[in-house]
Amino acid sequence: VNTQDGPDLGYDPFNLTGSSLIIESIATPESAVASLPDICSINDSLGKDRCAFLSGALSSHDKFGLTYGYVESRMKVGSAAGSLSSFYLYNRYPGTGRNLHSPEIDIVEYLGENPFGDELAFQTYHYENVNDGSTNSAPTMSYANPDGSKYDEDFHTFGVLWEPQLVIWYIDGREIKRMTGP
């Protein structure tokens, strides 16, 4: 849901309560289906309706540029089946089709009621192959909470340090993974 540039879908997923911003999702109402973008008529790679829910995202691409540095977010991820709580670094200039935001660094992707059975945080890096233009991904990394609790039970800090030839992922200040090289 883009609350600034429309279309008006009759739903605002953003709720500021004290010091927390809550981004909520709802099942897409039938009354909003006609206003959804064309990409919603295409099922995702698992054959699921990619626009079955309305939700929101925060973007800072037009507020500042970042080339290298450390970024983090303190967040409580969603727990509902089908939810995906994510924190990414996207390319400032969008691509097309499936390469819409390539390259990107996924700081965390958390599946609520994970179909794989384990409660995991996923991190990876997607990039364009300069030889053939295809999108490639570093091996997906997952990390179970060391205390055995689910990530959706409390707030956690997810971060990434991005430097030339180096990316380091952190959860709650603990280094989880690092990737080096071009």
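Before reading on, note that the structure itself is shown above.
Residues numbered from 1 in each chain as written. Predicted model: local features only at pLDDT ≥ 70, side-chain atom pairs only at ≥ 80, totals over all residues. Heavy atoms only, no water.

(A) Focus on the pairing of strand S6 (residues 84-90). A one-sided burial pattern is seen for S6, the buried positions being Ser85, Phe87 and Leu89 and the unburied ones Leu84, Ser86, Tyr88 and Tyr90. Pairing analysis gives seven bridges linking S6 to strand S7 (residues 104-111), with the strands arranged antiparallel. Bridge assignment links Leu89 to a residue of S7, and that residue is Ile105. (Buried < 20%, exposed > 50% of the residue type's maximum accessible area, 1.4 Å probe, protein only. Helix = DSSP H or I, 4+ residues; strand = E, 2+ residues; numbered from the N terminus. Pairing = 2+ DSSP bridges.)

(B) Inspection of the sheet that holds strand S12 (residues 166-171) at higher detail. Ordered by their spatial adjacency, four strands build an open sheet running S5-S11-S12-S13, and the pairing between neighbours is antiparallel. A single partner strand is all that each edge strand has here, and the edge strands are strand S5 (69-75) and strand S13 (174-180). Across the sheet, the mean angle from the axis of one strand to that of its neighbour is 15°, orientation sign disregarded. (Axes fitted to C-alpha atoms, helices over the stretch in contact; angles between N-to-C directions.)

(C) Inspection of the pattern of salt bridges at higher detail. The tally for this structure, following the rule as stated, stands at one salt bridge. Of the charged contacts in the structure, one is a salt bridge between Arg178 and Glu175, with a shortest N-O distance of 2.9 Å. What makes Arg178 partly exposed here is its relative accessible area of 47%. (Salt bridge = Lys/Arg side-chain N within 4 Å of Asp/Glu carboxyl O.)

(D) Molecular detail of a negative patch on the surface. On the surface, a cluster of negative charge is contributed by Asp147, Glu153, Asp154 and Asp172. With respect to the secondary-structure elements, Asp172 resides in the loop between S12 and S13. (Patch = residues over 30% accessible without salt bridge, like charges linked within 9 Å, V, L, I, M, F, W, Y side chains within 5 Å. Areas by Shrake-Rupley, 256 points an atom, 1.4 Å probe, with all protein chains shown as cover. Lys, Arg positive; Asp, Glu negative; His and termini not counted. Charge placed at Lys NZ, Arg CZ, Asp CG, Glu CD.)

(E) Summary view of the packing of aromatic side chains. Inspection of the entire model under this criterion finds three aromatic pairs. Between the aromatic rings of Tyr70 and Tyr170, the centroid separation amounts to 5.8 Å while the plane-to-plane angle is 75°, which identifies the pairing as edge-to-face. You can see Tyr70 sitting in strand S5 and its partner Tyr170 sitting in strand S12, a full 100 residues away along the chain. Of the residues examined, Tyr70 reaches a relative accessible area of 41% and is grouped as partly exposed. Among the residues examined, Tyr170 registers a relative accessible area of 19% and is labelled buried. (Phe/Tyr/Trp six-rings, centres within 6.5 Å; stacked < 30°, edge-to-face > 60°.)

(F) Just the nonpolar core, in detail. Ile107, Phe158 and Val160 are the most contacted members of the largest nonpolar core, which totals 17 residues. At the level of secondary structure, the elements contributing two or more residues to this core comprise S5, S6, S7, strand S11 (156-163) and S12. Examining the composition of this core, we find that four residues originate from one element, S7, more than from any other. (Core = buried A, V, L, I, M, F, W, Y, C linked by side-chain atoms within 4.5 Å.)

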